[in-house]
Amino acid sequence: MHNIHTFKKTLLLIIVFISLVSCKQSETVSIIPDQKPQAEIEQFGFKSNDFNVLNDTIQSGDTFGGILENQNLGDKQVYDILEKVKDSFNIRTVRIGKAFTLLRSKDRYKKLQVIVYQPDRVNYYVVDLRDSVMVYKKTRPIRIRQRTISGKLDGSLSEALSKQGVDAALANKLTKVYAWSIDFFKLQKGDKFGITFTERYIDDTIYDGVDSLKAAFFEYKGKLIYAFPFAQNQTSGKLDYYDDQGKALKNFFLKAPLKFVNITSHFTLHRFHPVQLVWKAHKGTDYAAPTGTPIMTTAAGIVEQTGYTAGNGNFVKVKHDRTYSTQYLHMSKILVRKGQRVAQGSIIGKVGSTGLATGPHVCYRFWKNGVQVDALKLKLPNSQPMDRKNLPRFLTQMKPLKRELDSVANL
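The following refers to the structure shown.

## Overview of unusual backbone geometry
Argument step 1. One non-glycine residue, F44, lies in the positive phi region at around 60°.
Argument step 2. Looking at the element boundaries, F44 is found in the loop between β1 (42-43) and β2 (46-47).
Argument step 3. Phi is positive for N369, close to 55°, though the residue is something other than glycine.
Argument step 4. Structurally, N369 is set in the loop between β23 (361-368) and β24 (371-373).
Argument step 5. On the basis of relative accessible area, N369 is assigned to the exposed category, the value being 56%.

Below, the structure is given as structure tokens:
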């Protein structure tokens, strides 16, 4: 009896143990960890989660038809698609490096549903193949934001702007605006500047560079020189730049025939010639630059003469009007012909050291009423003075921009 009782007790303990273990295992298996729902991503108006997405760029040798063929589409299907697409955009214009996106089915067949081609960052073409072939062009929204910055030069203008995260294109724009009034080589370390400009943002987030220059000032020889764009003719909308008094920054003549200026010899009636080793007049201004540097005509006109002499080397002479002519000496190459009309800033030749020259430079000579004069000492006329009737409108536009610039000038 005792053994039977012990056996029953032991059996009861085993059943209880098995029951507990089974419950525990059951509970363990039934636990499912929390799963966060996958974030929905929308691209080009489609939910990316609904597709197998392939982003790529056009490679050398790629064609629109070839991209379709690589997606296991039959020849006839590819032909039909190309026929329908060609009326919407030129399939031959796909360019190397441009982005495209393939949206394919998520099953094992990965059937092409949509192809998106982006010729630039703003526009894109959608070819929807799901029901019937549909092609359309879309443009991403662009937001323009205005920004004002200021600083002090501690190197080049490009470096100063780069430190403030500004597109380098703005430095080029400013150099052109101030080409008639500032020699950027003469800006000093510590000189102040202030710039108000607008920038483009695609989809409100993607930076797309500088849009336009609204206002600027530079400290030059101790004075603040302002620049404000203004259209005298509102119908044409053509902009010129004026200072805070309404005086045109653009002059009849550029300050120099080179983009960046390094004067090595001035106009003088008594100079020791470095080649001939005699004292004689030097009726021009020498600008040193590497061989091949482009030489610009400082004003619009007609090429009066081109040629070569032992002293001048290769040269070009331009007649601007009845009063003024200019000449450019020692070129390595002449790029214009006699009788050719040239615009202000046109490239007419390249820096060299032909003729009597110790190194590569351009000797810039200037005639007024047939007499050679010092171009740097002339007070030359502005090309487009402000019309008196436009001054009130200009001042109304300019004053709030100047207040904005002046608020950062003293920082």
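Now that the structure has been shown, we can carry on.
## As for the sheet that holds strand β9 (residues 192-202)
Argument step 1. Spatial strand order, β8-β9-β10-β11-β12: five strands in an open sheet with antiparallel pairing. For this open sheet the edge positions go to β8 (142-152) and β12 (240-242), each flanked by a neighbour on one side alone. Averaged over all adjacent pairs, the angle separating strand axes in this sheet is 30°, with direction ignored.
Argument step 2. Sheet analysis places strand β10 (residues 206-220) next to strand β11 (residues 223-230), joined by five bridges and oriented antiparallel. The partner of Y220 across the bridge, within β11, is K223.
Argument step 3. Contacts from helix α5 (residues 169-177) reach β9, β10, β11 and β12 within the one sheet, and its direction differs from that of β10 by about 35°.

## Structural notes on the sheet that holds strand β6 (residues 123-128)
Neighbouring strands of a sheet are bound in pairs by backbone hydrogen bonds; such pairs are parallel or else antiparallel.
Argument step 1. Strand order across the open sheet formed by five strands is β3-β4-β5-β6-β7, with antiparallel pairing between neighbours. Unpaired on one side and paired on the other, β3 (52-57) and β7 (134-139) mark the two borders of the sheet. Taking each pair of neighbouring strands and ignoring which way they run, the sheet shows an average axis angle of 15°.

## Some details on the nonpolar core
Argument step 1. The biggest cluster of nonpolar side chains holds 26 residues, and the ones touching the most others in it are L161, L170, L174, Y178, I195 and F218.
Argument step 2. Breaking this core down by element, the ones donating at least two residues are α4 (157-163), α5, β9, β10 and β11.
Argument step 3. With five residues, the top contributor of residues to this core is β10.

## Description of the side chain of H320
Argument step 1. As for its placement among the helices and strands, H320 is situated in the loop between β19 (313-319) and β20 (324-334).
Argument step 2. A polar contact of 2.9 Å, which involves the side chain of H320, links it to the backbone oxygen of A300.

How each quantity is defined
- Residues numbered from 1 in each chain as written.
- Predicted model: local features only at pLDDT ≥ 70, side-chain atom pairs only at ≥ 80, totals over all residues.
- Heavy atoms only, no water.
- Helix = DSSP H or I, 4+ residues; strand = E, 2+ residues; numbered from the N terminus.
- Buried < 20%, exposed > 50% of the residue type's maximum accessible area, 1.4 Å probe, protein only.
- Pairing = 2+ DSSP bridges.
- Axes fitted to C-alpha atoms, helices over the stretch in contact; angles between N-to-C directions.
- Contact = heavy atoms within 4.5 Å.
- Core = buried A, V, L, I, M, F, W, Y, C linked by side-chain atoms within 4.5 Å.
- Polar contact = N/O pair within 3.5 Å; in protein donor to acceptor, adjacent residues only side chain to side chain.

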